[in-house]
Amino acid sequence: MQVELKSPCKVNLILNILGKRPDGFHELETVMHPVKIFDVLTFERTSSGLDLTCDNSALPTDSRNLVHRAATVFLGEAKVKDGVRIHLEKRIPMEAGLGGGSGNAATTLIGLNQIFGSPLAPEILQRIAETLGSDVPFFLQSSPAIAIGRGEQVQSLPTFRALEGYHFILIHPGFGVSTPWAYKNLARFPSALNGERGRAERLVQTLNRSIEAARPDFYNSLEAPVLEKFPLLAIFQEFLLENGAAMALMSGSGSTTLALINGKEKAEQLQEKVREKFGSSVWVGSVEV
Ligand code: C5P
């Protein structure tokens, strides 16, 4: 039996960091939204072992790959005697703040549970997901969500009324940002490091009214270190806002900039303008919310 699953990515509409914890992680509150840009994972049972392949040779296929790590933990926990072949088709930009690798890890847990006859209960999958990375539990579900803790405590939400008809524009500058680097360098920005609790909840409320109401609540603490090091990302935001975007923000720890614009036609026009202005070294996508 072969199972093929689409592995989505996400953007953060707010990423509000509340402080550094004794375990080295940062306490945060975030609103995450799924984005319909996908990697594709295929799973097939074999007689033994774990065989991972990927169409992008830049990505290792050993234990440095989150798919490999997720599969190893799953096979151990589920006490699977036979093996699995997994193939990953990579379409989502990497080190991009879009959670592509985290999504791959969660999709691997879901896919393996499917082909082996659901040996693991949802609570066990959640626990494994938490150990694989802070963003992995979000991808065990498929709705917008608010997340707290280090990002692993996820509460699913209904779709936001204010975003009906809107499109995401995503710009990837052609380079990545290291997540540990971004968090470490927050230390130089005390006000960004110690955000005021409650802002994510407020964004959820305003997103159920209108984009205008929500506008002041789109925020990302990690912009402080990342935009300082990469001013091009601030230039992207300025350009997007000048050309009709309702908001523009860095997603996660970067390097992707996201924007929201109303209607398919306007989104496609803006996408074209970004291509003309910034050239082919920049990747730009437009997708319905
Ligand atoms: O959990 P994940 O593996 O995605 O985290 C990658 C790195 O990002 C961590 O090692 C840590 O440096 C940083 N991080 C953090 N606080 C969070 C999430 C991530 O400091 N809430």
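Before any of the text, the structure's been laid out above.
Residues numbered from 1 in each chain as written. Predicted model: local features only at pLDDT ≥ 70, side-chain atom pairs only at ≥ 80, totals over all residues. Heavy atoms only, no water.

A. Spotlight on the sheet that holds strand β9 (residues 247–250). Strands sit in the order β9-β10-β7-β11 across an open sheet of four strands; the sheet is antiparallel. Each edge of the sheet is formed by a strand with only one pairing partner; in this case those strands are β9 and β11 (283–288). Adjacent strand axes in the sheet meet at a mean angle of 20°, parallel and antiparallel pairs treated alike. Bridge count for strand β7 (residues 166–172) against β11 is six bridges, and the pairing is antiparallel. Bridge pairing in β11 links Ile-169 to Ser-286. Across the sheet, helix α9 (residues 232–242) lies against β7, β9 and β10 (257–262), angled at about 165° from β9, the strand it touches most. (Pairing = 2+ DSSP bridges. Helix = DSSP H or I, 4+ residues; strand = E, 2+ residues; numbered from the N terminus. Axes fitted to C-alpha atoms, helices over the stretch in contact; angles between N-to-C directions. Contact = heavy atoms within 4.5 Å.)

B. Just the site of the ligand, in detail. Close contacts around the ligand come from Gly-24, Phe-25, His-26, Leu-28, Gly-133, Ser-134, Arg-150, Thr-179, Pro-180 and Tyr-183, and that covers them all. A distance of 2.7 Å is found between an oxygen atom of the ligand and a side-chain nitrogen or oxygen belonging to His-26. A distance of 2.6 Å separates an oxygen atom of the ligand from a polar atom in the side chain of Ser-134. Compared with its free state, where it exposes 450 Å², the ligand has 72% of that area covered by protein. Put simply, the ligand lies in the largest pocket. (Near = heavy atom within 4 Å. Polar contact = N/O pair within 3.5 Å; in protein donor to acceptor, adjacent residues only side chain to side chain. Areas by Shrake-Rupley, 256 points an atom, 1.4 Å probe, with all protein chains shown as cover. 1 Å grid on protein atoms, 1.4 Å probe; cavity = no way out; pocket = protein on both sides within 12 Å on 5 of 7 lines; lining within 4 Å. Sits in = over half its atoms within 2 Å of the grid points.)

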